[in-house]
Amino acid sequence: MNNKQKEYSKAWALLPLLAFVLIYFSTSLYLKDFYAVPVLVVFVLSLFIAFIQYPKKSFADKLKHFSLGSGDENILVMILIFLLAGAFGSISNSIGAISSTVNFALTYVSPGFIISGIFLISCFISISLGTSVGTIVALAPIAVGFESHIPGIMALALAAVVGGAMFGDNLSFISDTTIAATRTQNVGMRDKFKVNFAIVFPVAVLVSVIYYFLGLQFEQKISTLSVADYELIKIVPYLVVFLLAIFGLQVIWTLGVGVLVALCIGLLTGDISLLESVASVNQGFASMFELSLLCLVIGGVVGVIRFNGGIDYLLNTILGKIRSPKGAELGIGILTALVNLALANNTITIVIVGPIAKEISNKFSLNPKRVASILDTTSCFIQGVIPYGAQILAALAASAAVFEGGSGKPALPPFELIQYLYYPFLTGIATLLFIVFSKRTKSNITD
């Protein structure tokens, strides 16, 4: 077999990933719903395609490499973090921490800052919760409700919610995307946070100013908003997790402390019993089971593809077109964007692209903090603007639930919402500028 035939043979090893994208994307388009197709089922199908390929290779060896891929240290640690994040989110919700946090933030919104205020509240909530979709589900009905009092505000208010949700999802220490990005690049969350913050904070400030001026047109129409009461003590678990992470405590211990603090507050206020708290923690674990299994299967599929030569082919193809660290970072960003466009899921995108990005990073001595940030900001940019992503679908569903009696037919056309999504679009531009113009010092690349 000559070199060209060997390369074609290695390229054939990528079939499982291509099959996954084709099956998932085409079926989702046919059903007009990117969340109707079980991702785990399609990936298991892709796994068996990988097993069937290259019959001359021992099936026992393929199983061995599947196990090695699934049992990768980063994947197992990531799953543990997912479980703890699920437990923290579940018990915090059980004690009423989410509603208190939302009401606390809404209490201090000035009518003159209604749109920028909604954006900042969404930023705060999503950093606390670690989930963009959860933030949108919590705040979107409130944003849509403004339409009854302030006609014409709904699209702008929903866009502010979605933008703020993506900001927090990008920075939160308990976000799936942050966990995946830092674990695949083997970098500390605090270090990645600093780089991310430098990229997106100026964007958030600019977007707040834009929303302020756009919101002025509604100022005269705003009457006093009725907001439910809040309990400051129930916001404490989120503050504890955020501060511990900022100070550099390992994320597993940070989440463990967060769960204990939420449990103690729940018992102290009488909002939850000890038995109920155990059930809540278990429910939080269960909410992460599918994602955890998916990570194991993806890791195993990539392990078999690597054994069959597919990863070598992909790396050689990408590396053959890269001539500099800047080009390597651009390549990682483009690959992340393309995969996210196909999958409409930023966490799964990072889990898939992360190991490849790590190998590119090692080849060009890239700073892992920068790579983790590029993975996260790029995926959040794409996820925040695609009309078939969970974030925009959740926002549109809120408008449907309020104005269409829950029929499921969006009352708001997607483009009306997307045109106001300044934060995700500007984040994409800021990421590109960061890659192209930010200084790469010797210490930056090698530390």
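Analysis parameters
Position numbers for residues count from 1 along each chain, tracking the sequence in the order it is written. In view of the model being predicted, local features appear only for residues whose pLDDT reaches at least 70, and side-chain atom pairs are presented and counted only at 80 or more, with totals across whole chains, interfaces and linings using the full set of residues. The basis for the side-chain values is all heavy atoms of the structure; hydrogens and waters are excluded. Helical segments are the DSSP runs of H or I of at least four residues, strand segments are the runs of E of at least two, and each set is numbered from the N terminus. Only the protein chains shown count as covering a residue, and every accessible area follows the Shrake-Rupley method with a 1.4 Å probe. Every angle, taken between N-to-C directions, lies between 0 and 180 degrees, and every axis is a line fitted to C-alpha atoms, over only the stretch in contact when it is a helix. Every angle not falling under 35 degrees, over 145, or within 65 to 115 is termed oblique; those three ranges are roughly parallel, roughly antiparallel and roughly perpendicular. A crossing counts as left-handed when the near helix is turned anticlockwise from the far one by less than a right angle, and as right-handed when that turn is clockwise. Residue contacts are defined here by distance: any two heavy atoms, one from each residue, within 4.5 Å place the two residues in contact. Basically, the charged four are Asp, Glu, Lys and Arg, the nonpolar ten are Ala, Val, Leu, Ile, Met, Phe, Trp, Tyr, Cys and Pro, and anything else, Gly included, counts as polar. Candidate patch residues must exceed 30% relative accessible area and have no salt bridge, after which like charges are joined if within 9 Å and Val, Leu, Ile, Met, Phe, Trp or Tyr side chains if within 5 Å. Salt bridges are defined by distance alone: a side-chain nitrogen of Lys or Arg within 4 Å of a carboxyl oxygen of Asp or Glu. Note on exposure labels: buried denotes an accessible area under 20% of the residue type's maximum, exposed denotes more than 50%, and partly exposed covers the range between, all computed with a 1.4 Å probe on protein chains only. Given a helix with a known number of residues, its expected span is that number minus one, times 1.5 Å. For our purposes a nonpolar core is just a set of buried Ala, Val, Leu, Ile, Met, Phe, Trp, Tyr and Cys residues, chained together by side-chain atoms within 4.5 Å. pLDDT is a per-residue confidence score from the predictor, ranging from 0 to 100. Grid points spaced at 1 Å over the protein atoms alone were grouped into cavities, where a 1.4 Å probe fits but cannot get out, and pockets, open sets with protein on both sides within 12 Å along at least five of seven lines, with lining residues defined by an atom within 4 Å of a point. Grid points are joined across faces, edges and corners, and a volume is the space filled by probe spheres set on the points.

Engineer: Looking at this structure, I do not really get the overall build of the protein chain. What am I missing?
Structural biologist: Of regular secondary structure, the protein chain possesses 23 helices and 0 strands. As displayed, the protein chain offers around 19,400 Å² of accessible surface, 67% of which is attributable to carbon and sulfur atoms.

Engineer: What is the right way to read the packing of helix 16 (residues 310-320) against helix 18 (residues 346-363) from this model?
Structural biologist: For any two helices packed against each other, the geometry comes down to the angle between their axes and how far apart the axes lie. Following both chains from N to C, one finds helix 16 and helix 18 inclined at 50°, their axes separated by 11 Å at the closest point. Regarding the angle of helix 16 to helix 18, the classification is oblique. Between helix 16 and helix 18 lies a crossing whose hand is right-handed. Residue-level contacts link Ile311, Leu314, Leu315, Ile318 and Leu319 of helix 16 to Ile356, Glu359, Ile360 and Lys363 of helix 18. Here the residues of the contact of helix 16 with helix 18 sort into 7 nonpolar, no polar and 2 charged.

Engineer: Quick question: what am I supposed to make of a nonpolar patch on the surface here?
Structural biologist: On the surface, a cluster of nonpolar side chains totalling about 510 Å² of accessible area is made up of Phe197, Phe201, Val205, Val209, Phe213 and Leu216. Within the element layout of this structure, Leu216 appears in the loop between helix 11 (189-215) and helix 12 (236-246).

Engineer: Whenever I open this one, the pattern of salt bridges confuses me. Can you help?
Structural biologist: Two side chains that carry opposite charge are able to pair once their charged atoms sit near each other. Under the counting rule described, the total for this entry stands at 5 salt bridges. For Glu231, the salt bridge identified is with Lys234, shortest N-O distance 2.9 Å. Here Lys234 falls in the buried class, since its relative accessible area comes to 5%. Note that Asp271 and Lys234 form a salt bridge whose closest N and O atoms lie 2.9 Å from each other. Within this pair, whereas Asp271 is found in the loop between helix 13 (251-269) and helix 14 (274-287), its partner Lys234 is found in the loop between helix 11 and helix 12, the two being separated by 37 residues in sequence. On the accessibility criterion, Asp271 (34% relative accessible area) is partly exposed. Each of the salt bridges in this network shares a partner with another, and the network as a whole consists of Glu231, Lys234 and Asp271.

Engineer: Teacher, can you tell me more about helix 9 (residues 154-171) here?
Structural biologist: It helps to recall that an α-helix has 3.6 residues per turn; residues three or four apart then point in one direction. Taking 1.5 Å per residue, 18 residues should reach 26 Å; helix 9 reaches 26 Å between its end C-alpha atoms and fits that length. With 18 of its 18 residues buried, helix 9 lies for the most part within the structure.

Engineer: Is there a simple way to think about the nonpolar core in this case?
Structural biologist: Side chains of a nonpolar character, in soluble globular proteins, are inclined to be buried together. Ranked by internal contacts, the top residues of the largest apolar core, which has 127 residues, are Phe43, Leu158, Ile360 and Tyr423. In terms of residue count, the dominant contributor to this core is helix 9 (13 residues). Apart from the residues lying within four places of it in its own chain, the contact partners of Ile360 are Leu315, Ile318, Leu319, Ile322, Ala328, Ile332 and Leu366.

Engineer: Help me out: how do you make sense of the environment of Ser116 in this one?
Structural biologist: By the secondary structure assignment, Ser116 is in helix 7 (residues 114-129). In sequence terms Ser116 and Val205 are 89 residues apart; their C-alpha atoms lie 9.7 Å from each other. Once you skip the residues sitting within four places of it in the chain, Ser116 turns out to touch Ser208, Tyr211 and Tyr212.

Engineer: Would you explain the confidence of the model for the protein chain in this entry?
Structural biologist: Low-confidence regions, as indicated by low pLDDT, have predicted coordinates that should not be scrutinised in detail. For the protein chain, the average pLDDT comes to 81, and 85% of its residues sit at 70 or higher. Per-element confidence in the protein chain ranges from a low mean pLDDT of 42 for helix 23 (residues 442-446) to a high of 94 for helix 22 (residues 422-437). Low pLDDT, under 50, characterises residues 442-447; the predicted model gives this stretch 9 contacts beyond four residues in sequence or across chains.

Engineer: Explain the environment of Leu76 to me, please; I cannot follow it from the model alone.
Structural biologist: Among the structural elements, Leu76 can be located in helix 5 (residues 73-94). Exposure remark for Leu76: the relative accessible area of 44% places this residue in the partly exposed category. Taking the C-alpha atoms as reference points, Leu76 and Gly299, separated by 223 residues in sequence, lie 10.0 Å from one another. Dropping the residues within four chain positions of it, Leu76 is found in contact with Ser70, Gly71 and Leu296.

Engineer: Would you explain the side chain of Thr178 in this entry?
Structural biologist: Residue position: Thr178 is located in helix 10 (residues 176-185). Residue classification places Thr178 among the buried positions, given a relative accessible area of 1%.

Engineer: What's the story with the layout of surface pockets in this structure? I'm lost.
Structural biologist: Take a probe with the size of a water molecule and roll it over the atoms, and the empty space left behind shows itself. Taken as a whole, the second largest pocket spans an internal volume of roughly 510 Å³. Contributing to the lining of the second largest pocket are 19 residues, with Leu314, Ile318, Leu335, Leu338 and Val339 lying nearest its centre. At the level of elements, helix 2 (15-31), helix 16, helix 17 (325-343) and helix 18 are the ones that each hand at least two residues to the lining of the second largest pocket. With 7 residues, helix 17 is the largest single contributor of residues to the lining of the second largest pocket. Counted by class, the lining of the second largest pocket contains 16 nonpolar, 2 polar and 1 charged residues.

Engineer: Explain unusual backbone geometry here, please?
Structural biologist: Negative phi characterises most residues that are not glycine, and trans characterises most peptide bonds. Despite not being glycine, Tyr54 shows a phi value in the positive range, around 50°. Within the secondary structure, Tyr54 is located in the loop between helix 3 (39-52) and helix 4 (59-70). Even without a glycine there, the phi angle at Ser365 is positive, about 50°. Within the secondary structure, Ser365 is located in the loop between helix 18 and helix 19 (368-385). A relative accessible area of 40% places Ser365 in the partly exposed class.

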